[in-house]
Amino acid sequence: DSSTSPLGILSGVHNVSQIGFAASSSDLDIKSQFPYYGRTIPSSTNGDATAVVAYLQKYNITKLNVLFVTDAFGSAYQNALQDIAGAAGIETISHSFSFSSDGSNTNGDLEDINNINDNRERKRRRGSEIML
């Protein structure tokens, strides 16, 4: 997906069709940004999020913490999950983090995961909760 988005924009500017065989980001579904982009597979974001919410409902989980990378796929997946879970009455709290090109954490949030886990353990005692 990292090279598909820029190429999709470029193909739209030059009115050239582009077919993606593996990119699953739902951002590529935005026809105003990617007018000539086509897929051989569907975007997975909403389908995956719907499956996760169905699983949570099956086990009566009412709270969800989501850790996600702030890239096109991670952000789109988090948005879909938050929307679908919210519609199902599942409280969602999201925590984002990002990496630089050398693989280091750029915003320091990974260091806070232990604090998130500690808080999650305290909250879990008060109700059903899961972290993805």
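An account of the accompanying structure is given in this report.

Thresholds, definitions, all that
- Residues numbered from 1 in each chain as written.
- Predicted model: local features only at pLDDT ≥ 70, side-chain atom pairs only at ≥ 80, totals over all residues.
- Heavy atoms only, no water.
- Helix = DSSP H or I, 4+ residues; strand = E, 2+ residues; numbered from the N terminus.
- Buried < 20%, exposed > 50% of the residue type's maximum accessible area, 1.4 Å probe, protein only.
- Contact = heavy atoms within 4.5 Å.
- Areas by Shrake-Rupley, 256 points an atom, 1.4 Å probe, with all protein chains shown as cover.
- Core = buried A, V, L, I, M, F, W, Y, C linked by side-chain atoms within 4.5 Å.
- Pairing = 2+ DSSP bridges.
- Right-handed = clockwise from strand over helix to strand, strands pointing away.
- Arc of directions from axis to C-beta.
- Salt bridge = Lys/Arg side-chain N within 4 Å of Asp/Glu carboxyl O.
- Axes fitted to C-alpha atoms, helices over the stretch in contact; angles between N-to-C directions.
- Parallel < 35°, antiparallel > 145°, perpendicular 65-115°, else oblique.
- Left-handed = near helix turned anticlockwise from the far one by under 90°.
- Nonpolar A, V, L, I, M, F, W, Y, C, P; charged D, E, K, R; others polar.

**So, the overall build of the chain**
Thinking step 1. Secondary structure assignment for the chain yields four helices and five strands.
Thinking step 2. N-terminal to C-terminal, the α/β element order of the chain is α-β-β-α-β-α-β-α-β.
Thinking step 3. Burial status across the chain gives 32% buried among its 132 residues.
Thinking step 4. In the chain, 55% of the contacts between residues at least 6 apart in sequence involve partners at least 24 apart.
Thinking step 5. As presented, the chain carries roughly 7,800 Å² of accessible surface, and 53% of it is formed by carbon and sulfur atoms.

**Looking at unusual backbone geometry**
Thinking step 1. Unusually for a residue other than glycine, Asn15 sits at a positive phi of about 55 degrees.
Thinking step 2. By the secondary structure assignment, Asn15 is in the loop between helix H1 (4–13) and strand S1 (18–20).

**Structural notes on the nonpolar core**
Thinking step 1. In this structure, Leu56, Leu64, Leu81 and Ile90 are the most contacted members of the largest nonpolar core, which totals 13 residues.
Thinking step 2. For this core, the secondary structure elements donating two or more residues are helix H2 (45–58), strand S3 (63–69) and helix H3 (72–87).

**A look at the pairing of S3**
Thinking step 1. In this sheet, strand S4 (residues 91–97) lies alongside S3 in parallel orientation, the contact comprising seven bridges. By the bridge assignment, Phe68 is partnered in S4 with Ser96.
Thinking step 2. Between S3 and its parallel partner S4, the chain crosses via H3, and the hand of that crossover is right-handed.

**With respect to the side chain of Gln78**
Thinking step 1. Tracing the sequence through the fold places Gln78 in helix H3.
Thinking step 2. For Gln78, a relative accessible area of 7% puts it in the buried group.

**Observations concerning H1**
Thinking step 1. Residues Thr4, Ser5, Gly8, Ser11 and Gly12 constitute the buried set of H1. One side of H1 carries all its buried residues, which in axial view fall inside an arc of 125 degrees.
Thinking step 2. Those residues of H1 hidden inside the fold are in contact with S1 and strand S2 (37–39).
Thinking step 3. Of the residues one or two after H1, Asn15 is the one with positive phi, at around 55 degrees.

**Remarks on the pattern of salt bridges**
Thinking step 1. Taken as a whole and assessed by the stated rule, the structure comprises one salt bridge.
Thinking step 2. Asp29 serves as the salt-bridge partner of Arg39, at 3.0 Å between the closest nitrogen and oxygen. Of this pair, Arg39 sits in strand S2 while Asp29 is found in the loop between S1 and S2, placing the two residues ten residues apart along the sequence.
Thinking step 3. Residue Asp29 is classed as partly exposed on the basis of its relative accessible area of 37%.

**A closer look at the packing of H2 against H3**
Thinking step 1. Relative to each other, H2 and H3 sit at 45 degrees, their axes nearing to 9 Å. Our classification of the angle between H2 and H3 gives oblique. The way H2 lies across H3 gives a crossing that is right-handed. Listed contacts from H3 to Thr45, Asn46, Asp48, Ala49, Thr50, Val52 and Val53 of H2 are Phe73, Ala76, Tyr77, Ala80, Leu81, Ile84 and Ala85.
Thinking step 2. Considered class by class, the residues forming the contact of H2 with H3 number ten nonpolar, three polar and one charged.

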